[in-house]
Amino acid sequence: MSARPDRTPLPRSFFDRPVRTVAPDLLGRTLVRRTAEGPLELRITEVEAYEGRADPGSHAYRGPTARNASMFGPPGHAYVYFIYGMWFSLNLVCGPPGHASGVLLRAGEITAGADLAAKRRLSAKYPRELAKGPARLATALDVDRSLDGTDLCAGPDSPLSLLTGTATPADLVSNGPRTGVGGAGAAHPYRYWITDDPTVSPYRAHAPRRRTT
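Residues numbered from 1 in each chain as written. Predicted model: local features only at pLDDT ≥ 70, side-chain atom pairs only at ≥ 80, totals over all residues. Heavy atoms only, no water.

A.B. asks: Explanation requested: the overall build of the protein chain in the structure shown.
C.D. replies: Scanning the protein chain for helices and strands turns up 4 helices and 9 strands. Overall, the protein chain shows an N-to-C arrangement of helices and strands of β-α-α-β-β-β-β-β-α-α-β-β-β. Relative to its length of 213 residues, the protein chain is compact, with a C-alpha radius of gyration of 16 Å against a globular reference of 17 Å. The principal-axis extents of the C-alpha atoms in the protein chain amount to approximately 45 × 40 × 40 Å. Taking all contacts inside the protein chain whose residues are at least 6 apart in sequence as the whole, residues at least 24 apart take part in 62%. Total accessible area on the protein chain stands at roughly 10,600 Å², and carbon and sulfur atoms take up 54% of it. Taken as two groups, the 27 positive and 20 negative side-chain charges of the protein chain have centres that lie 7 Å from each other. (Helix = DSSP H or I, 4+ residues; strand = E, 2+ residues; numbered from the N terminus. Rg over C-alpha atoms; globule rule 2.2 N^0.38 Å. Contact = heavy atoms within 4.5 Å. Areas by Shrake-Rupley, 256 points an atom, 1.4 Å probe, with all protein chains shown as cover. Lys, Arg positive; Asp, Glu negative; His and termini not counted. Charge placed at Lys NZ, Arg CZ, Asp CG, Glu CD.)

A.B. asks: Even after reading the chapter, I still don't get the nonpolar core, so can you show me in this structure?
C.D. replies: In a soluble, globular protein the nonpolar side chains are often hidden away together inside. If you look at the biggest cluster of nonpolar residues, it comprises 39 residues, and the most contacted ones within it are L26, L31, I44, V47, L90, L105 and L162. Considering every element that reaches this core, the biggest residue donor is strand β3 (residues 38–50), with 5 residues. Residues within four places of L105 in sequence aside, it is in contact with L26, L31, I44, E46, V47, L90, L92, P134 and L137. Judged by nonpolar contacts, the second largest core, of 10 residues, contains Y50, Y79, A100 and V181. (Core = buried A, V, L, I, M, F, W, Y, C linked by side-chain atoms within 4.5 Å. Buried < 20%, exposed > 50% of the residue type's maximum accessible area, 1.4 Å probe, protein only.)

A.B. asks: Sorry, what's going on with the environment of P24 here?
C.D. replies: The topology assignment puts P24 in helix α2 (residues 19–25). When the C-alpha positions of P24 and A114 are compared, they lie 25 Å apart, and in sequence the two are 90 residues distant. Leave out the neighbours within four places in its chain, and P24 touches V173 and Y192.

A.B. asks: Can you help me understand the pattern of salt bridges in this one?
C.D. replies: Opposite charge on two side chains allows them to pair when their charged atoms are near. Counted according to the given criterion, the structure contains 13 salt bridges. The partner of E51 in a salt bridge is R20, with the nearest N and O atoms 3.2 Å apart. Taken as a pair, E51 in the loop between β3 and β4 (78–83) and R20 in helix α2 lie far apart in primary sequence, 31 residues in all. The class for R20 is partly exposed, based on a relative accessible area of 40%. Across the pair R43 and D197 runs a salt bridge, and its minimum N-O distance is 2.7 Å. You can see R43 sitting in strand β3 and its partner D197 sitting in the segment after β9 (191–194), a full 154 residues away along the chain. Under the relative-accessibility criterion, D197 is labelled buried at 13%. (Salt bridge = Lys/Arg side-chain N within 4 Å of Asp/Glu carboxyl O.)

A.B. asks: Looking at this structure, I do not really get the pairing of β3. What am I missing?
C.D. replies: Residues in a regular strand project their side chains so that they alternate between the two faces of the sheet. Of all 13 residues in β3, 11 are buried; the element is thus mostly enclosed. Here strand β2 (residues 30–35) runs beside β3; their pairing, made up of 6 bridges, is antiparallel. Note that in β3 the partner of R33 across the bridge is L40. Linking two consecutive strands that pair antiparallel, namely β2 and β3, is a turn of 2 residues. Looking at chain direction, β3 and strand β6 (residues 101–112) are connected through 9 bridges and run antiparallel. By the bridge assignment, A49 is partnered in β6 with V103. (Pairing = 2+ DSSP bridges.)

A.B. asks: Where do I start with the packing of aromatic side chains in this structure?
C.D. replies: Given two aromatic rings, their pairing is described by the distance between the two centres and the angle made by the two planes. Inspection of every chain in the model, using the stated rule, returns 3 aromatic pairs. Ring centres 5.3 Å apart and planes at 80 degrees place the aromatic pair F14 and F15 in the edge-to-face group. Residue F15 is classed as buried on the basis of its relative accessible area of 1%. Here the aromatic rings of F82 and F88 are separated by 4.7 Å at their centres, their planes lie at 35 degrees, and the arrangement is tilted. Its relative accessible area of 38% is what places F82 among the partly exposed residues. (Phe/Tyr/Trp six-rings, centres within 6.5 Å; stacked < 30°, edge-to-face > 60°.)

A.B. asks: Looking at this model, I keep getting lost on the side chain of T30. Mind explaining?
C.D. replies: Position of T30 relative to the elements: it lies in strand β2. For T30, the contacting residues outside a window of four places in its chain are P5, E41, L42, S161, L162, L163 and G165.

This is how it looks when you write it as structure tokens:
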């Protein structure tokens, strides 16, 4: 019988490290989302690292804006953005203030509150699909821009927090190019996932979006 995941909150020092160190170390950790309807929990299974001004694929590559301001804040906070006028994505800020690096949460397994997630993800046919991909993850957990800047280290009253969970051994972690990233940052192998986990999203190369008008 496997041990139960560790419920100890991760300290801010966990996030105050290089983003490519934090990213694979997030796999297997437990994200807690507290909503008015009740709590949900997610075992993180897939992430992508973004290195800020050193990374052409990062929102912070050209410096701070109103949209990405949370990326430049202290580590251990959330950065939530709206994409394609349709979806939200949840990122965890890493490194020292001003460095602007972060980890995109791409997929996970809903381990508590699956009934709440299913109400938001009506198109999911199976539990493994509830948070399979960054937009689905954010939808399942009821994440939107109101959570941008949330402190994950603020304690049990915070709408978002991260618990120690069960860290994934290095030999069970795969990595490769980020999904859907084009340009100079396309080839960076900054996507990490738990090998063969059924909740991990499929890889997709960047496909330029065509204007329709």
